[in-house]
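Coordinate inspection notes
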Amino acid sequence: MTILPVEVPDGLFQGAVVTNDQPGYDQARAVWNGLIDRHPRAIIRCAGPDDVRAGVQFAHAHDLPIAVRGGGHSVAGHGTVDDGIVLDLRDLDAVDSESGGHTVRAGGGATWGAVDAITQRDERAVPGGVFSRTGIAGLALGGGYGWIRNSFGLSARSLRDAELVTADGRILASVADEDPDLLWALRGGGGNFGVVTAFTFDTHPVPARGYFLFVVHDAESGRAAAGLRLFRDFCAVAPPSVSMLAFLGRVPAGAEGYEPDAVGRQFIGFGGLFLGDADEGRELLRPLHEFGTPLLDVTGEMAYTDVQKVFDEDYPDGARYYWKSTNVRALTDEAIDTLAAAAIAAPSELSTIDIWHTMGAAAEPFDGAFLPSPAPYLVNPEANWIAPEDDAANIGWARGLVAALAPLSDGSRYLNFAGFNEDGDAEMSASFRRNLTRLEEVKRRWDPENLFRLNQNVKP
C-alpha cells in the first residue's frame, strides 16, 4: 500500500481528500475506461481553483506526479495516475450562459450534455463530441470532433478564454488577457500548460431540432465496401451544413432496437446532422438512407440534445476501450477493402471502425495549436470489449488497422484517439507539424519542469 509522504495539513483543501486507506477509495479512483486501473496516493475533490492551486503546490513540493480528471473519459487514461495525485474537477461543473447566449462559461468538470442543455435554451451550441457524458476539458483541449464540426469547426476553435492554474501556483482568471500565446496553445495543445478550471466558449446558431440521419444497414455479402464507396461519393459533393460519419461493425448481443435475428450480422452505419431545412436535408441524405436493408433506423427530425446522446448507451462505464486513429488522404478502393476486411476481423462484436469526413470549418486552420490535417477522412478503429484476457487481441487489432493504412495516411493522428500515446515524439511531430516549435516555446515558459506531463505531452 502506498501512502502520502506527509500528512495533509488540516484546512489545506476545502474539498474532500480520498486516500487508499479510506472508504470510497475504489469508487473515487475509478474512471470510465475499465482498461485503466490505477492507484493514486490521493484523489483531491477540488472545490475551486484554490484547491487546484494547493494540490499543484503539494504535489510539486513532494515530487508526486499529477493527473487532472475532468469528465474522467480519457480513453488513454490521462485522468488518473499510479502513486501520484489526482486533481478531480468533477465538482467544478457549473455552466452559465453569457452575453445573451453568445458565449458560455463552464467549469473544468462539466460534460457536453450539461453545456448543450444550457446553450440550446437560446438555440445555440458549442461544437462538442458525439457522447453527452464526455467531459468538455479533455475533448476541447485536444481538438473536439462532433456532429457540427464541418459548419463550425472543432471544439478548440470556439475556445474564447480560460481560467487556469499554472505550474508555479498562479491562478490566471483570464488566459486571454494574460498571454494570447497561452490561449493559442490551449486550443488543441492538450493539458500541457496548467489546469483549466473554467472554459469560456463562443456559441453558434444551432436550431433546437435538425434533420438527423442515423441508419444501420445490413452489410453481409460484401455490402460494407459498396456502402463505403457510396459514402466516398457523397462526401465528394456534400456541403458543410452536414457532418458525416460512417461506421462498420457487427450487431452485438443485447443491442437495443435490433431484431433478434440481426445479432452477429455485419453492418455499415451512416450518421449525419444537417443544419438547415428538414426537407432539404431529407433529400440530400436520401441515397445514404436508402442504401440497403436497415437493421436500425432512427432517421428524422430530432432535438439537438437527443442527437448528442445517440451513442450514450454504446459506451458504458467499466468496459474496456482502446481507440487509435489516422488521417487518410482518400478512400481509395484499396483503403475501402482494408477497412471492410478489418471490420470482419475484429475480435470483439462491440468494436467499430469509424470514418469521419472533415471539410469546411473542420478543415480550416485557425488561431490555435490544433492543425487540421489536409486529409479529409479521420479513420478511428474503436476496440471495445469486456474481458481482460482479450486485451492483447483487441489492442493489436486497432494498431494493426492503423499500420495497414499508413501508406494512405499523412502520418498524423487525432491525439484524443491515439491509443496510449505510445508513438511518442514521432506522433506529436506528425500531428502538430509546424505548430510544434511554438508549442514547445509556450511549454518552456509556463511549465519548464514538465509538471503537467500526463497528457499528449509537449516536452519543454
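See the structure above.
So, here is what we can say about the structure in this document. From a predicted model like this one, the values you see are computed outputs, not experimental measurements. (Residues numbered from 1 in each chain as written. Predicted model: local features only at pLDDT ≥ 70, side-chain atom pairs only at ≥ 80, totals over all residues. Heavy atoms only, no water.)

To continue, consider the pairing of strand S2 (residues 42-45). Sheet topology places strand S1 (residues 17-19) next to S2; three bridges connect them, and they run antiparallel. Its bridge partner lying in S2, Val 18 is registered against Ile 43. Relative to strand S4 (residues 85-88), S2 is paired through four bridges, and the arrangement is parallel. Each residue of the ladder has a partner; that of Ala 42, found in S4, is Ile 85. (Pairing = 2+ DSSP bridges. Helix = DSSP H or I, 4+ residues; strand = E, 2+ residues; numbered from the N terminus.)

A word on the pattern of salt bridges. Taken as a whole and assessed by the stated rule, the structure comprises 31 salt bridges. Across the salt bridge formed by Arg 29 and Asp 26, the nearest N and O atoms sit 2.9 Å from each other. On the criterion of helical spacing, the pair formed by Arg 29 and Asp 26 is a turn pair, its members being three residues apart in helix H1 (residues 25-29). Lys 324 is paired through a salt bridge with Glu 422; the nearest N and O atoms lie 2.9 Å apart. Residue Lys 324 is found in the loop between strand S17 (320-323) and strand S18 (326-328), and its partner Glu 422 is found in the loop between helix H12 (391-405) and helix H13 (424-432); the two are separated by 98 residues along the sequence. Taking relative accessible area as the criterion, Lys 324 reaches 3% and is therefore assigned buried. Look at the salt bridges and you will find they share partners, linking Lys 324, Arg 399, Arg 413, Glu 422, Asp 423 and Glu 427 into a network. (Salt bridge = Lys/Arg side-chain N within 4 Å of Asp/Glu carboxyl O. Buried < 20%, exposed > 50% of the residue type's maximum accessible area, 1.4 Å probe, protein only.)

This part covers the pairing of strand S20 (residues 377-385). Burial of S20 is extensive: nine of the nine residues sit out of reach of the surface. With burial as the criterion, each face of S20 is covered, one bearing Tyr 377, Val 379, Pro 381, Ala 383 and Trp 385 and the other bearing Leu 378, Asn 380, Glu 382 and Asn 384. In this structure, S17 lies alongside S20, joined through four bridges in antiparallel fashion. For Tyr 321, the partnering residue across the bridge sits in S20 and is Asn 384. For S18 and S20, the ladder comprises three bridges, and the chain directions are antiparallel. Within S20, the residue paired with Val 328 across the bridge is Tyr 377. Alignment of strand S19 (residues 352-357) against S20, held across six bridges, turns out to be antiparallel. If you follow His 357 over to S20, its bridge partner there is Tyr 377.

This next bit is on the side chain of Lys 443. Secondary-structure assignment places Lys 443 in helix H14 (residues 436-446). Of the residues examined, Lys 443 reaches a relative accessible area of 0% and is grouped as buried. At 2.9 Å, the side chain of Lys 443 and the side chain of Asn 450 are in polar contact. Dropping the residues within four chain positions of it, Lys 443 is found in contact with Asn 192, Phe 193, Pro 448, Asn 450, Phe 452, Asn 457, Val 458, Lys 459 and Pro 460. (Polar contact = N/O pair within 3.5 Å; in protein donor to acceptor, adjacent residues only side chain to side chain. Contact = heavy atoms within 4.5 Å.)

What follows covers H14. Taken residue by residue, H14 has Leu 436, Leu 439, Val 442, Lys 443 and Trp 446 as its buried positions. Buried residues in H14, looked at end-on, bunch into an arc of 120°, giving them a common side. Considering only its buried residues, H14 is in contact with strand S9 (171-172), helix H6 (175-178), helix H7 (180-186) and H13. (Arc of directions from axis to C-beta.)

At their nearest, the axes of helix H8 (residues 223-237) and helix H11 (residues 333-345) sit 9 Å apart, and the two run at 135° to each other. It follows that H8 is oblique to H11 by the angle criterion. Of the two elements, H8 crosses H11, and the hand of that crossing is right-handed. Here H8 contributes Ala 224, Ala 225, Leu 228, Arg 229 and Arg 232 to the contact with H11, which in turn contributes Asp 333, Ile 336, Asp 337, Leu 339 and Ala 340. Its residues placed into classes, the contact of H8 with H11 shows six nonpolar, no polar and four charged. (Axes fitted to C-alpha atoms, helices over the stretch in contact; angles between N-to-C directions. Parallel < 35°, antiparallel > 145°, perpendicular 65-115°, else oblique. Left-handed = near helix turned anticlockwise from the far one by under 90°. Nonpolar A, V, L, I, M, F, W, Y, C, P; charged D, E, K, R; others polar.)

Okay, H13 next. Where H13 is concerned, the buried positions are Glu 427, Met 428, Ser 431 and Phe 432. Looking straight down H13, one finds its buried side chains confined to an arc of 105°; they lie on one side. Residues of H13 that are buried sit in contact with H14. Where H13 terminates, the next one or two residues include Arg 433, which has phi positive at roughly 50°.

Below, the discussion takes up the sheet that holds S9. Here we have five strands laid out as an open sheet, ordered S5-S6-S10-S8-S9, and antiparallel in their pairing. A single partner strand is all that each edge strand has here, and the edge strands are strand S5 (95-98) and S9. Here helix H2 (residues 49-61) sits on the sheet in contact with strand S8 (159-165), S9 and strand S10 (195-202), set at roughly 55° to S8.

Quick look at the packing of aromatic side chains now. Inspection of the entire model under this criterion finds 26 aromatic pairs. Look at Tyr 315 and Tyr 321: their rings are 6.1 Å apart centre to centre, the planes differ by 55°, and that puts the pair in the tilted class. Residue Tyr 315 shares its accessibility class with Tyr 321, and that shared class is buried. Aromatic ring contacts, followed pair by pair, group Trp 32, Phe 131, Tyr 145, Tyr 315, Tyr 321, Trp 323, Trp 356, Phe 370, Tyr 414 and Phe 417 into a single cluster. Geometry around Trp 184 places Arg 438 over its ring, the cationic atom sitting 3.9 Å from the centre. (Phe/Tyr/Trp six-rings, centres within 6.5 Å; stacked < 30°, edge-to-face > 60°. Lys NZ or Arg CZ within 6 Å of the ring centre and 35° of its normal.)

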